[in-house]
Amino acid sequence: MASWCVRVVRQSFSVVASPVLLRASPRLLCTAAQKKSNGQNSEEDQSGAQKTEHSPAVAAWTEEKTTLEEQLKEMTDKYKRALADTENLRQRSQKLVEDAKLYGIQGFCKDLLEVADVLEKATESVPKEEISPQNPHLKNLYEGLVLTEVQIRKVFTKHGLIKLNPTGAKFDPYEHEALFHSPVEGKEPGTVALVTKVGYKLHGRTLRPALVGVVKAP
């Protein structure tokens, strides 16, 4: 049994050490290297093909991204414009409401101005020498008119209605209406020489211009 094992080992050694196998080894090595190289080339070709296949998809995604960014920019601009328009509308509406509160009584005030003018003329037309204890009826009537006029002035002031009596002031076309121009000695040209009817302003806005005579240069 031992001798048989020795013969098998020798035959195996002789086969491995055979010149034929040694001569074939470089060829086998070249074949293996060629197969490996072909495998790498095949993998590179497949990778290039995949890149080629992915290129149109990437281009499409890039184009879609650019389109979406442009749409977002446009929508943002429209949104900002809408906000600005809404704010302007809110401010205009608020101003209209405030003006309505301030000037809603404008028509009513104009009607009351005529009443105030009548009261003023009535008190001015009463001769001061006639107002005495010897004439109690006239005195009481005059005092009642004066009290009524004072009360009306208080109501006017409370609601922002201010009297304009511009005697001696510079003529202002926004507050005065010139009835005539006349040279007046000792007065500066362009000033108000005479007020024939007082004016009124409601919260800074001219409700009725004062009717005046203006000094002109000689």
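Residues numbered from 1 in each chain as written. Predicted model: local features only at pLDDT ≥ 70, side-chain atom pairs only at ≥ 80, totals over all residues. Heavy atoms only, no water.

- Looking at an unreviewed UniProt entry, one finds the chain named GrpE protein homolog and attributed to Huso huso.
- Recorded in UniProt under Subcellular location (unreviewed entry), the annotation for the chain is "Mitochondrion matrix".
- According to its UniProt record, the chain has this under Sequence similarities (unreviewed entry): "Belongs to the GrpE family." (UniProt positions renumbered as here; feature names shortened; annotations may be inferred.)

## A closer look at the UniProt feature "coiled-coil region" (unreviewed entry) in the chain
Phase 1: Using the residue numbers shown here, the UniProt feature "coiled-coil region" (unreviewed entry) corresponds to residues 58-92.
Phase 2: Along residues 58-92 one finds 100% helix and 0% strand; the C-alpha atoms at either end are 51 Å apart. (Helix = DSSP H or I, 4+ residues; strand = E, 2+ residues; numbered from the N terminus.)

## Here we look at the packing of aromatic side chains
Phase 1: According to the stated counting rule, one finds 1 aromatic pair in the structure shown.
Phase 2: Centroid distance F156 to Y200: 5.9 Å. Interplanar angle 85 degrees. Geometry classified as edge-to-face. Highlighted residues: F156 in helix α4 (residues 136-158) and Y200 in strand β4 (residues 199-202), separated in sequence by 44 residues.
Phase 3: Geometry around Y103 places R205 over its ring, the cationic atom sitting 3.7 Å from the centre. (Phe/Tyr/Trp six-rings, centres within 6.5 Å; stacked < 30°, edge-to-face > 60°. Lys NZ or Arg CZ within 6 Å of the ring centre and 35° of its normal.)

## Section: the nonpolar core
Phase 1: Core analysis: the biggest nonpolar cluster contains 17 residues, and L113, F156, L161, Y200, L207 and V212 have the highest contact counts within it.
Phase 2: When contributions to this core are tallied by element, the ones reaching two or more residues are α3 (106-125), α4, β3 (192-197), β4 and β6 (210-215).
Phase 3: Aside from chain neighbours lying at most four places away, what touches L113 is F156, L161, Y200, L207 and R208. (Core = buried A, V, L, I, M, F, W, Y, C linked by side-chain atoms within 4.5 Å. Buried < 20%, exposed > 50% of the residue type's maximum accessible area, 1.4 Å probe, protein only. Contact = heavy atoms within 4.5 Å.)

## Re the pattern of salt bridges
Phase 1: Taken as a whole, this structure holds 10 salt bridges when the rule is applied.
Phase 2: Put simply, D77 and R81 hold a salt bridge, and the shortest N to O gap is 3.0 Å. Residue D77 and its partner R81 are located together in helix α2 (residues 19-103), separated by 4 residues, close to a single helical turn.
Phase 3: Under the relative-accessibility criterion, D77 is labelled partly exposed at 37%.
Phase 4: Put simply, E120, E149, R153 and K163 are held in one network by salt bridges that share partners. (Salt bridge = Lys/Arg side-chain N within 4 Å of Asp/Glu carboxyl O.)

## Considerations on the environment of L145
Phase 1: Positionally, L145 belongs in helix α4.
Phase 2: Distance from L145 to T123, taken between C-alpha atoms, is 6.6 Å for residues 22 residues apart in sequence.

## Observations concerning the side chain of H176
Phase 1: Along the chain, H176 falls in strand β2 (residues 176-182).
Phase 2: A relative accessible area of 6% places H176 in the buried class.
Phase 3: Apart from residues lying up to four places away in sequence, H176 is in contact with P166, K170, F171, V192, P209, A210 and V212.

## Some points on the sheet that holds strand β1 (residues 161-164)
Phase 1: The sheet built from 3 strands is open, its strands ordered β1-β4-β5 with antiparallel pairing. Unpaired on one side and paired on the other, β1 and β5 (205-208) mark the two borders of the sheet. Ignoring which end each strand starts from, the neighbouring axes of this sheet average 35 degrees apart.
Phase 2: Contacts from α3 reach β1, β4 and β5 within the one sheet, and its direction differs from that of β5 by about 55 degrees. (Pairing = 2+ DSSP bridges. Axes fitted to C-alpha atoms, helices over the stretch in contact; angles between N-to-C directions.)

## Brief notes about the layout of surface pockets
Phase 1: As a volume, the largest pocket reaches approximately 180 Å³.
Phase 2: Residue contributions to the lining of the largest pocket peak at 5 residues, all from α3.
Phase 3: Counted by class, the lining of the largest pocket contains 2 nonpolar, 1 polar and 6 charged residues. (1 Å grid on protein atoms, 1.4 Å probe; cavity = no way out; pocket = protein on both sides within 12 Å on 5 of 7 lines; lining within 4 Å. Points joined across faces, edges and corners; volume = space filled by probe spheres on them. Nonpolar A, V, L, I, M, F, W, Y, C, P; charged D, E, K, R; others polar.)

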